[in-house]
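# A structural walkthrough
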Amino acid sequence: MTEQVVLPAHASLPLTRFIGRQRERTAVARLLGKTRLLTLTGAGGSGKTRLALALVERTAENYADGAAVIELAALTDPTRVLGAVAATLGVREQPGIPLPETLLAALRPRTTLLVLDNCEHLLEATAPLAVRLLAACPGLTVLATSREALGVAGEVTWRVPPLSLPDNTGDVTPADLLASEAAQLFADRAGARQPGFVVTRENAAAVATICRQLDGMPLALELAAARVGAIPLDAIAARLDDALGLLTAGNRAALPRQQTLRGTLAWSHALLNETEQIVLRRLSVFVGGCTLPAATAVCASNDIAERDVPEQLARLVEQSLLTLDGEGDDARYRALETVRQFAAERLDEAGETAATCERHAAYFLTVAIAGKEGLAGLDTGVWLTWLDAEFANLRAALAWSRTAHAVERGLRIAALLWRFWYLRSLFTEGVGWLSGFLDAPDASQPPQQARLDALFAAGRLSIFAGKYDAAQNLLEEMLALGRLHAQPLAIASALTLLGTIAFEKQAFREARALYIEAVGHARASGDGYALALAANSVAKPMILLGEIEQAAEIFAESLPLYHAIGDTADLSRVSLWLGIIAMEQGDRVRARALFIEGLEAHRRMYTFVGIAECLEGLAALAVREKSWGRALVLASAADTIRATIGSPCPPYWRDWLAPRLDTARLALGVSVSATAWAVGTAMTMDEACTQAMAEPLPVGARNDLRSSTVAGRRAAKQWYGGLTAREREIATLVAGNRSNREIAAALFVAEKTVETHIGHTLRKLSFTGRTQLAGWAIAVGLVATPDTSDTPLLTAPRDTGQRDGMV
């Protein structure tokens, strides 16, 4: 007969409906069928009990004598565990017979699933009991839930992860949102709290924020859902920075530790020994996790030796208060955000916040130093990835330095990160941190070098952001300080960037004079990077002044300076200018190779300004090759990238590029030009790069769509995506905004035939509509255009109303 077991009252509400984890339940149920001792581990509130009870329901038919759930959370005395198991199973103590013997005698003939729920605080009793029961009762299976494993032979563990989260995208639809387990649970519990609640387009963003902020922790989501109706969703999402204070509503029948998120975390915290508690609270200063060296540097102090930190971290992982992701040097320890908030409170109570944050900031100063050197070398991509992982911590170090009025350290960290700010297109953020420390009114002046470095970094980032007036002020202060203290490196750096401002404003001769003066000071300083930057800059205004041969000679002499210091990022930018020189000299093959070389390098590093510049260089080359549609598509894609990152096209570059694009628009006409521009605007960055790196059709073959030779027909078919001559012809007419009826009339075929051809064409190219087909036809050069003469590369800039008196 199946044993009927009454579940504890406090377990009833959370189990009204088990949401999500469909695949996990299937996998764990299969695992439970293959082992006799399975322990579900995870952080407090992660849903271990919920999953265990769902497994009881799912697998009940596998156990002839049913299942018994032993709730141990309320017990504090390990000696009472045996009695709790016996009482739940209905086993009474017999006179003269020890209770263990009576329990074994009752269980031995049964085929039963025994659930030991919440046994982490009673492991000294539950672990040996489980071993003894399993050894004596062949039909018994034990399913335990615990923050850490029982640690006995034959045990299989399954770590219960948080619920799956919504994608971190700005525009989330209700359907996309409810594909995540966390949103499913929240919506279900919110609906129970406020009948009629549904996820809509209006509240989807707030629900997604709640789910992500609570890391998909089931208990936290239920507590947040309990606030629906009492607090607006947007307000709940906004207040989750203090999740522990907000999430206090729960099931009144539950144990105290299950009524609030704080109670759950306090329960887990109380089970730690003193050293583990110290390490956990000190880890709270990390944002986004940390590596072992970082944890060691911050957690070790007078009371904890460095050699002891790894063991304490391992213990916290075993007890599900931390997770360890990755392997080797990239492995990172992480805590759920709610755990981190709780630990931060304990850090503050211990009076350790300031000292721990100081160690954290000091450590990440060393990270910034290493990152500066790494980003200037050949392995830029590797170092970028490394700094990406530490970026949240670097921000935290900057924030603490500002709070603690540690201006020198703040200036140093922010200035050391200038390449990172640039490579990740974070110009405004970088300038914001630097300016905040430079303008700090209540702090003493930092050492001279720290201020000089910060002025250089802020000035250069301001130039990238197109903020020329702000950059001018910063760099003039830097130049004055350099001259005052006779520092040739500071003078050279300031002059170079002041020359860049003049150059970008089209004051080319002034720019050249500043660059040449900078070269002399850079040589005197002995700094290789400053010399490379100044020397290579000299050639750029020469190119736009038409002094191509002289510019080529200067690049030939100065380019080895970049190679000598191994600066990948700046070398990639030089490729653009070398490509322009090659194009002007008539070497289109070399020009394309240089543009693509720069594009590939910038793409590897995700340097969006560089990607946009190289796309624009390839657009200019496409104009030279009379591939008008390709030129507009690439230029439009570049324009979209610039708008996205907030880095406008500099005036000199805009006025250099504009007449070339005007030539393409004139050749294509208004309608086709607009279509080509729209296609580029709709492209992702990767799509634009792929299009740019595709080999264009030779000029002579572009309008010869019906080559008479077999080889010519084969080459054309391969180039045009496998389309037949008729399909290409129809694609051309589609690009001309012709309707199916108009195309049928032009080709003297039935309208149905045109529809069939278009359908075949869309399938071959994996397109979904006519707009994509039209854009593709324009981009690959199918649209016939007048055979105009080559457009000169170095046409005069448009009249912008500005005058360079030195030109």
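Note that the coordinates shown come from a computational prediction; the quantities given were computed from them, not determined experimentally.

## Brief notes about the overall build of the protein chain
Check the secondary structure of the protein chain and you find 40 helices and seven strands. For the protein chain, the residues scored as buried account for 55% of the 807 residues in total. Of the contacts formed within the protein chain by residues at least 6 apart in sequence, a portion of 71% connects residues at least 24 apart. Of the accessible surface of the protein chain, which amounts to about 34500 Å², a share of 54% is contributed by carbon and sulfur atoms.

## Focus on the sheet that holds strand β4 (residues 140-146)
By way of backbone hydrogen bonds, the strands of a sheet pair with one another, either parallel or antiparallel. In space, the five strands of this open sheet follow the order β2-β3-β4-β1-β5, with parallel pairing throughout. In this open sheet, the two edge strands, each paired with only one partner strand, are β2 (67-71) and β5 (156-159). Across the sheet, the axes of successive neighbouring strands diverge by a mean angle of 15 degrees, strand direction being ignored. Two elements, strand β1 (residues 37-41) and β4, share five bridges in a ladder whose sense is parallel. Within β4, the residue paired with Leu 37 across the bridge is Val 142. Running over the sheet, helix α2 (residues 48-59) touches β1, β2, β3 (112-117) and β4 and is turned about 160 degrees from β4.

## A short note on the nonpolar core
Counting residues in hydrophobic clusters, the biggest one holds 184 residues, and the most contacted among them are Leu 283, Ile 543 and Leu 615. Element by element, the count of residues in this core is highest for helix α27 (residues 528-544), at 12 residues. Judged by nonpolar contacts, the second largest core, of 32 residues, contains Leu 72, Leu 89, Leu 129 and Ala 144.

## Some thoughts on the packing of helix α31 (residues 608-624) against helix α32 (residues 628-645)
At a minimum axis separation of 8 Å, α31 and α32 run at an interaxial angle of 160 degrees. Of the possible angle classes, the one that applies to α31 and α32 is roughly antiparallel. Where α31 crosses over α32, the two elements pack in a sense that is left-handed. Here Phe 608, Val 609, Ile 611, Ala 612, Glu 613, Leu 615, Glu 616, Leu 618, Ala 619, Ala 622 and Val 623 of α31 lie close against α32, whose contacting residues are Trp 628, Arg 630, Ala 631, Leu 634, Ala 635, Ala 637, Ala 638, Ile 641, Arg 642 and Ile 645.

## Some points on helix α17 (residues 337-349)
Side chains that are three or four residues apart share a direction in an α-helix, a result of its 3.6 residues per turn. The terminal C-alpha atoms of α17 lie 19 Å apart, and with 13 residues this matches the ideal 18 Å at 1.5 Å per residue to within 8%. For α17, the set of buried residues is Thr 338, Val 339, Gln 341, Phe 342, Ala 343, Arg 346 and Leu 347. Following α17 by one or two positions, Gly 351 adopts a phi angle in the positive range, close to 70 degrees.

## Things to note about the packing of aromatic side chains
Scanning the model with the defined rule gives 18 aromatic pairs in all. One aromatic cluster is present, built from ring pairs that chain together Phe 503, Phe 508, Trp 577, Tyr 652, Trp 653 and Trp 656. Stacked on the ring of Phe 342, the Lys or Arg Arg 346 has its end atom at 4.3 Å from the ring centre. It is Arg 665 that lies over the ring of Trp 677; its NZ or CZ is 5.1 Å from the centre.

## Thoughts on α31
Relative to the 24 Å expected for 17 residues at 1.5 Å per residue, α31 spans 25 Å between its end C-alpha atoms, a close match to the ideal helical length. Within α31, 16 of the 17 residues are buried, which leaves the element mostly enclosed by the surrounding structure.

## Re the pattern of salt bridges
Taken as a whole, this structure holds 30 salt bridges when the rule is applied. Residues joined in a network through salt bridges with shared partners are Glu 148, Glu 276, Arg 315 and Glu 318.

## So, the state of the cysteines
Following the criterion strictly, the structure yields zero disulfides and no others. Free of any disulfide, Cys 290 has its nearest cysteine sulfur in Cys 299, 6.8 Å distant. We classify Cys 299 as buried; its relative accessible area is 0%.

## So, the pairing of β4
When you tally the buried positions in β4, you get seven out of seven residues, the bulk of the element. Residues of β4 alternate between two faces, with Leu 140, Val 142, Ala 144 and Ser 146 on one and Thr 141, Leu 143 and Thr 145 on the opposite face, all of them buried. In this region the chain leaves β3, passes through helix α5 (residues 123-136) and returns to the parallel neighbour β4; the handedness of that crossover is right-handed.

## A word on the side chain of Arg 281
Along the polypeptide, Arg 281 turns up in helix α14 (residues 274-283). Accessibility expressed as a relative area gives 16% for Arg 281, which makes it buried. When neighbours within four sequence positions are excluded, Arg 281 is seen to be in contact with Ala 343, Arg 346, Leu 347, Ala 350 and Glu 352.

## Focus: the confidence of the model for the protein chain
In this model, the protein chain carries a mean pLDDT of 83, and residues with pLDDT of at least 70 account for 87%. Below a pLDDT of 50 lies the segment residues 1-17, which in the model reaches 34 contacts outside its immediate sequence neighbourhood of four places, other chains included. When the criterion is pLDDT under 50, residues 250-259 qualifies, and its contacts beyond four places in sequence or with other chains add up to 24 contacts.

## Focus on the packing of helix α20 (residues 407-416) against helix α22 (residues 427-438)
At a minimum axis separation of 9 Å, α20 and α22 run at an interaxial angle of 155 degrees. On the basis of their axis angle, the class for α20 and α22 is roughly antiparallel. Seen along the crossing, α20 lies across α22 with a hand that is left-handed. Facing Val 407, Gly 410, Leu 411, Ala 414 and Ala 415 of α20, the residues of α22 in contact are Trp 433, Leu 434, Phe 437 and Leu 438. Tallied by class, residues from the contact of α20 with α22 come to eight nonpolar, one polar and no charged.

## Structural notes on unusual backbone geometry
For Tyr 606, which is not a glycine, the phi torsion comes out positive at approximately 55 degrees. Within the secondary structure, Tyr 606 is located in the loop between α30 (588-605) and α31. Phi is positive for Phe 748, which is not a glycine, with a value near 60 degrees. Its location among the elements puts Phe 748 in the loop between α38 (740-747) and α39 (751-765). Since its relative accessible area comes to 76%, Phe 748 is described here as exposed.

## Some remarks on the environment of Ala 73
Mapped onto the fold, Ala 73 is located in the loop between β2 and α3 (81-89). Along the chain, Ala 73 and Asp 117 lie 44 residues apart, while their C-alpha atoms are 7.3 Å from each other.

## Digging into the pairing of β1
Among the five residues in β1, five count as buried, and that is most of the element. Every second residue of β1 is oriented toward a common face, with Leu 37, Thr 39 and Thr 41 on one face and Leu 38 and Leu 40 on the other, all of them buried. In the sheet, β1 pairs with β5 via four bridges, with the strands oriented parallel. Bridge pairing in β5 places Thr 39 opposite Thr 157.

What counts and how
- Residues numbered from 1 in each chain as written.
- Predicted model: local features only at pLDDT ≥ 70, side-chain atom pairs only at ≥ 80, totals over all residues.
- Heavy atoms only, no water.
- Helix = DSSP H or I, 4+ residues; strand = E, 2+ residues; numbered from the N terminus.
- Buried < 20%, exposed > 50% of the residue type's maximum accessible area, 1.4 Å probe, protein only.
- Contact = heavy atoms within 4.5 Å.
- Areas by Shrake-Rupley, 256 points an atom, 1.4 Å probe, with all protein chains shown as cover.
- Pairing = 2+ DSSP bridges.
- Axes fitted to C-alpha atoms, helices over the stretch in contact; angles between N-to-C directions.
- Core = buried A, V, L, I, M, F, W, Y, C linked by side-chain atoms within 4.5 Å.
- Parallel < 35°, antiparallel > 145°, perpendicular 65-115°, else oblique.
- Left-handed = near helix turned anticlockwise from the far one by under 90°.
- Expected span 1.5 Å × (residues − 1).
- Phe/Tyr/Trp six-rings, centres within 6.5 Å; stacked < 30°, edge-to-face > 60°.
- Lys NZ or Arg CZ within 6 Å of the ring centre and 35° of its normal.
- Salt bridge = Lys/Arg side-chain N within 4 Å of Asp/Glu carboxyl O.
- Disulfide = S-S within 2.5 Å.
- Right-handed = clockwise from strand over helix to strand, strands pointing away.
- pLDDT = per-residue confidence, 0-100.
- Nonpolar A, V, L, I, M, F, W, Y, C, P; charged D, E, K, R; others polar.

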